Amino acid sequence: MAALERIPPLVVASFLPHSLCALVIKYESVIHEFDPYFNYRVTQFLSKNGIYEFWNWFDDRTWYPLGRVIGGTVYPGLTLTAGTIWWVLNSLNIPLSVETVCVFTAPVFSAFASWATYLLTKGSGAGLTAAALLAMVPSYISRSVAGSYDNEAVAIFALIFTFYLYIKTLNTGSLFYATLNAIAYFYMVCSWGGYTFIINLIPMHVLLCIVTGRYSPRLYIAYAPLVVLGTLLAALVPVVGFNAVLTSEHFASFLVFIIIHVVALVYYIKGILSPKMFKVAVTLVVSIGLVVCLIVVAVLVALVASSPTGGWSGRSLSLLDPTYASKYIQIIASVSEHQPPTWPSYFMDINACFSPLSDASSFVVLYIVMSVYFSGVMVRLMLVLAPAACIMSGIALSQAFDVFTASIKYQLGEMSNSKDDVKEKISTNNETKDDASSAKGEKVAKERPSKKGKKKEREPADKPSVKSKIAKKKALVLPLEASIVALLLLIMLGAFYVIHCVWAAAEAYSVPSIVLTSQSHDGLHVFDDFRESYAWLSHNTDVDDKLASWWDYGYQTTAMANRTVIVDNNTWNNTHIATVGTAMSSPEKAAWEIFNSLDVKYVLVVFGGIDLNINKFLWMVRIGGGVFPHIKEADYLRDGQYRIDSEATPTILNCLCTGTNLSCKFVETDGKGYDWVRRTEIVKKNFKLTHFEEVFTSHHWMVRIYKLKPQKNRIRGKGKKLKLKTSTGFSKTAKKNPWM
Amino acid sequence: MAARIWIFSVAVALFLSFSSAQDLQIVNAERRIDLSSHIVKAFFTLKVENIGKDPAADMLLAFPPTQIKHLSMVQAMAITGKKKKKTYLPLDVKPTEQPDAPNDTGYFLVSFATPLTPGETVTLEVLYILTHSLEPFPSEIAQSESQLVYYRDSAVILSPYHIKQQTTFFKTPSARVESFTNVEPANRAGKEIKYGPYEDRAPYSYAPVNVHFENNSPFAVVEELVREIEISHWGSLQITENYRLTHGGARHKGVFSRVDYQSRRSISGSSSFNALLAVLPPKVNSVYYRDDIGNISTSHLRTGFKKSELEFEPRYPLFGGWRATFIIGYRVPLEDYLFEAPDGRRYLNFTFGCPLVETIVNKLTIKVVLPEGSKDPSAVLPFTVNQDLQVKYSYLDIVGRTVVVLQKDNVVPTHNVPFQVYYTFKPIYMLAEPFMLVSAFFFVFVASLAYVHIDLNIVKK
């Protein structure tokens, strides 16, 4: 019955993300950012052509002329989920568009995620609090708002649910749950590359358990089927395939798999042999085992050493060595999501960590430690930390509330009745609770506030509450006033948290980045330039025209404009991107030649309105220079800076990207070419293009589209007759069809 | 110029097999052709006299083959009474075929209200509307150029009857006229070119003229418009309109410079347009304006008692040949549009045509989605359209909703007249879907109740 009573608040908690996202839909139900547009396009393809076509989909509208095998290179979990939802709804005659389904997949799954958090925190008030916190935590909101149709949207649910099933199996030792766990893991593998977090964290926990001597058959059942089934299932996902057994990210799980078998064998033998015999056996086995181990390790080392990156993929390597990316792979470094987070981003995202840790199983401890490390390395993995932090603070909060309310109840009871038996009951209650919140919890509790206090000086209400919490732990039954004040403080803190979350969700994460707004004295200005240009492209260019742009806009162009692009956000071919970068940072003629060789007809340049988009340009030069040595970053720099004022280098002034931007006749807009952001006057005005022509500029000048002019006939002869001959006969035969 | 004037007349009296053609003559004809927008409107005033011996029940209007395919609509009215007591009586006009039509001339048959007795005269007002009749020349213009167009017609009225006296006026949008064919007497004054008066022209006289003039009015052409009108007996009509808009004027060539477009609006892109006006019904609510990739934020709605006006801009200005697609949707209260006929049937009374002002619709499809369970649909329109029935499955439908599809080509704003769709409907069907939902939830809860209370264990715990 107690379980049933908790259902209504849980329902409320799972609807929180919905209400929150409804609160913060500021613009429209639209897909956000860049990657979600790709996912949306894939879902459209899936819903239109079916699953088999999807697996075999070779996309010829991107990475021209290379193309991309979509079916084999995407994590299909999200797409399949949304596609299935769409299919079910439509077969029930609920005609929702694919877009609507895509937009609302993330909020729906965030509700599932808070439900899974409730389960993972093992019911009770703590679970509810954790679920409510997760429903609102800003770092997760960033992926769960309507329109954030990204892999993480479903992956976080899968992650937490996998952990829940793992814990469940660990507690029950049921093969049924172990199988479910493997399936949940399979769903996680389908959804997100972050599945490696699971397949490394669980082995670590198992190892921890073995080392601390807590091996049990339940641990074996929780782990061994997961590795066997999970790996088999993971190999079914095309994008993972044999990587599931070949790459180093998965080796830890196999190693622990072997270890757990050895340990299991040892325990078994220990059980059937007498202690004396056992000692003999141990020496025997250890000596043989060492030899075998050495051989295996040698083979492994040889295997790993033979592969160029040591068997680790670039992104994973950058996890282990945060400086790896900027050293070797420009493209990984250029994605801001892969960069180490700045400290303010911590404050922004994790506001939930006021947490003395109490009934913490070793797994949750391990989880939070690991996720803190990983999120420190890569800002994107902040997401993994969010559920952990929520669980922690959920436990802490509900403990605090329990104690405060109990002491208030006790004090009130004393005042009204002043009977001893009541007191006894309450104190026994408190004792049991104290047992629950174990001694270990208290130790951590003392460490934590000091650590967090440094990070979170921004929140003044935080410290007193933590202090009061510690005080409460010592006294157990607090004076009435103190507990009421502390309770109020806690409630206030909770309220602040909610306000902060709503604010963060509304201001920071609900902006679909393709629509920008600015508040000015005469009202709100909407900058919808990107969609304007995409709409123009889709209606006013030929369906097979190729468009060159910097890779950021690739996904959006294919999804919204339906035009073939040269490079896109799936940065799988560095050389191709470098080619575009080179073209963008070359003089006009050279750029024309590169683009022409790529069969490009239009070039899309982001102009940024009144300022020049130099930040993107920096990466064009760097990535271009990384492959084509004639592009040297030094040529573009003056005093270590990119400058476009009178100090600018001739190279930067002549190159296409800035050139086209500069060419827009600044003189006529405001009298002089002036870069508003950098507050410098641009020297090169009245730039005249000879190989490109401007065909479209959006309303606020943010996007400009240039068309490659056709090649001029080569008429250099002096006589008129010669001219005629060459123009009619020769030059035309050089082209495709002499009869045209 | 003289060389280009050739008047030909065809001897028809011998060949035309019916008598009325010979027995009528046009005493006086005045034609005013309005070329100020891309929809060419011609106002015709005819004074017809029966010179035969038998009463004439109808008369023919003739159109050259080049015009007949662009002819969007022909209306005729008889004027009775004089001066201030003038009353207009609409007459029945329908296209007909004549067996011996010279040079593929097309005909419309106007039926008089009462047959014209010998010697009697009647004054008719005829309006006909031509679309796609202005040919841009030059056919491609740059951003800074103004749009020039050709209009081709005849200086004398093509008619199977003898016309005693006639005049034709062409009204151009501006005083800039590059050239016009001279058919004496012809002269131009400001925005008006006058041909005539011509006396005593034989039947089927023709004098081709070509007017080359400036026309920068927005050539807004909707290539295809699908309007879906969904009737919900729960209280509203939901209208969704899918537009595929194009600029039908001279094609844009070369550079589009935003600087010029924004700073020198008067001389740059004068033939382009970036704002449109839609006239929506009064009491309209929940209006949205979007396209395939999301909401478009540039629109204003003014609601009024007689009509609502939605002023909106496509995502980008449209130059010659550019296209844009968008969707406009809105909702109106049901009680203003759905009525019960005396025979118990219900009928929807709604406006045909396209809500955008001054636009041509090449292909208009109106889909009236009747509520699930309605029967015997029939549509009543003042002109002929293609009719079809479809079935649509919407929210939780089982048998599907009947859709009356009305399809018409070449639609102009003059077609915005009411039409009716009659159908029978039993109110009990309204409760079908709520009942379905209620029972579905009921069974879920009953099932969960049963699951909680039934012990499925084989071994007692």
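Residues numbered from 1 in each chain as written. Chains lettered and ligands numbered in written order. Predicted model: local features only at pLDDT ≥ 70, side-chain atom pairs only at ≥ 80, totals over all residues. Heavy atoms only, no water.

Going by an unreviewed UniProt entry, chain B carries the name Dolichyl-diphosphooligosaccharide--protein glycosyltransferase subunit 1 and comes from Brassica carinata. Taken from UniProt, the Pathway (unreviewed entry) comment for chain B reads in full: "Protein modification; protein glycosylation." (UniProt positions renumbered as here; feature names shortened; annotations may be inferred.)

An unreviewed UniProt entry annotates chain A as dolichyl-diphosphooligosaccharide--protein glycotransferase originating from Brassica carinata. Recorded in UniProt for chain A, the comment headed Catalytic activity (unreviewed entry) runs: "a di-trans,poly-cis-dolichyl diphosphooligosaccharide + L-asparaginyl-[protein] = N(4)-(oligosaccharide-(1->4)-N-acetyl-beta-D-glucosaminyl-(1->4)-N-acetyl-beta-D-glucosaminyl)-L-asparaginyl-[protein] + a di-trans,poly-cis-dolichyl diphosphate + H(+)". Entered under Subcellular location (unreviewed entry) in the UniProt record, the comment concerning chain A runs "Endomembrane system".

Draft legend 1. Region of the structure containing the interface of chain B and chain A. Tallying the contact residues gives 28 residues for chain B and 30 residues for chain A. Summing the contributions of chain B and of chain A, the shared interface buries around 2400 Å²; its carbon and sulfur component is 51%. When the buried surface of chain B facing chain A is broken down by residue, Arg258, Val259 and Ile293 of chain B rank first, second and third, together holding 26% of it. Taken together, the connections running from chain B to chain A amount to three salt bridges. Of all the elements in the fold, those that place two or more residues in the side of chain B that touches chain A are α3 (258-263), β20 (285-291), β21 (294-295) and β24 (323-333) of chain B. Class assignment for the residues of the side of chain B that touches chain A results in 10 nonpolar, nine polar and nine charged. (Contact = heavy atoms within 4.5 Å. Buried area = accessible area lost by both parts, 1.4 Å probe. Salt bridge = Lys/Arg side-chain N within 4 Å of Asp/Glu carboxyl O. Helix = DSSP H or I, 4+ residues; strand = E, 2+ residues; numbered from the N terminus. Nonpolar A, V, L, I, M, F, W, Y, C, P; charged D, E, K, R; others polar.)

Draft legend 2. How the structure looks around the environment of Phe363 of chain A. Residue and element names in this part refer to chain A. Note that Phe363 resides in helix α21 (residues 362-377). Between the C-alpha atoms of Phe363 and Met204, which are 159 residues apart in sequence, the distance is 9.1 Å. Not counting chain neighbours up to four residues away, the residues in contact with Phe363 comprise Phe163, Tyr166, Ile167, Leu201, Ile202 and His205.

Draft legend 3. Just the sheet that holds strand β28 (residues 375-380) of chain B, in detail. Residue and element names in this part refer to chain B. Spatially, four strands are ordered β25-β26-β31-β28 in an open sheet, and the strand pairing comes out antiparallel. Single-partner strands in this sheet number two, and they are β25 (338-340) and β28. Geometrically, the sheet is characterised by an average inter-axis angle of 25° between neighbouring strands, direction not taken into account. Bridge count between β28 and strand β31 (residues 418-424): four bridges; the pairing is antiparallel. When the bridges of β31 are listed, Ser378 appears paired with Tyr422. (Pairing = 2+ DSSP bridges. Axes fitted to C-alpha atoms, helices over the stretch in contact; angles between N-to-C directions.)

Draft legend 4. Fine view of the sheet that holds strand β5 (residues 87-96) of chain B. Residues and elements named next belong to chain B. Judged by pairing direction, the sheet is mixed, and its 10 strands sit side by side in the order β3-β6-β5-β4-β7-β2-β1-β11-β14-β13 without closing on themselves. Pairing within the sheet leaves two strands with one partner each, and these edge strands are β3 (56-63) and β13 (186-189). Along the sheet, successive strands turn relative to each other by an average axial angle of 20°, direction set aside. Both strand β4 (residues 71-80) and β5 contribute to a ladder of five bridges, which runs antiparallel. Within β5, the residue paired with Ala76 across the bridge is Leu91.

Draft legend 5. Quick peek at unusual backbone geometry. Here the residue pair Tyr64 of chain A and Pro65 of chain A is connected by a cis peptide bond, since its omega of -5° sits within 30 degrees of zero. Along the polypeptide, Pro65 of chain A turns up in the loop between β1 (58-59) and β2 (68-69). A cis amide bond links Phe137 of chain B to the next residue, Pro138 of chain B, at an omega of 5°. Mapping Pro138 of chain B onto the fold places it in the loop between β8 (134-136) and β9 (140-141). The phi dihedral of Asn410 of chain B falls on the positive side, at around 55°, and the residue is not glycine. Topologically, Asn410 of chain B is positioned in strand β30 (residues 401-411).

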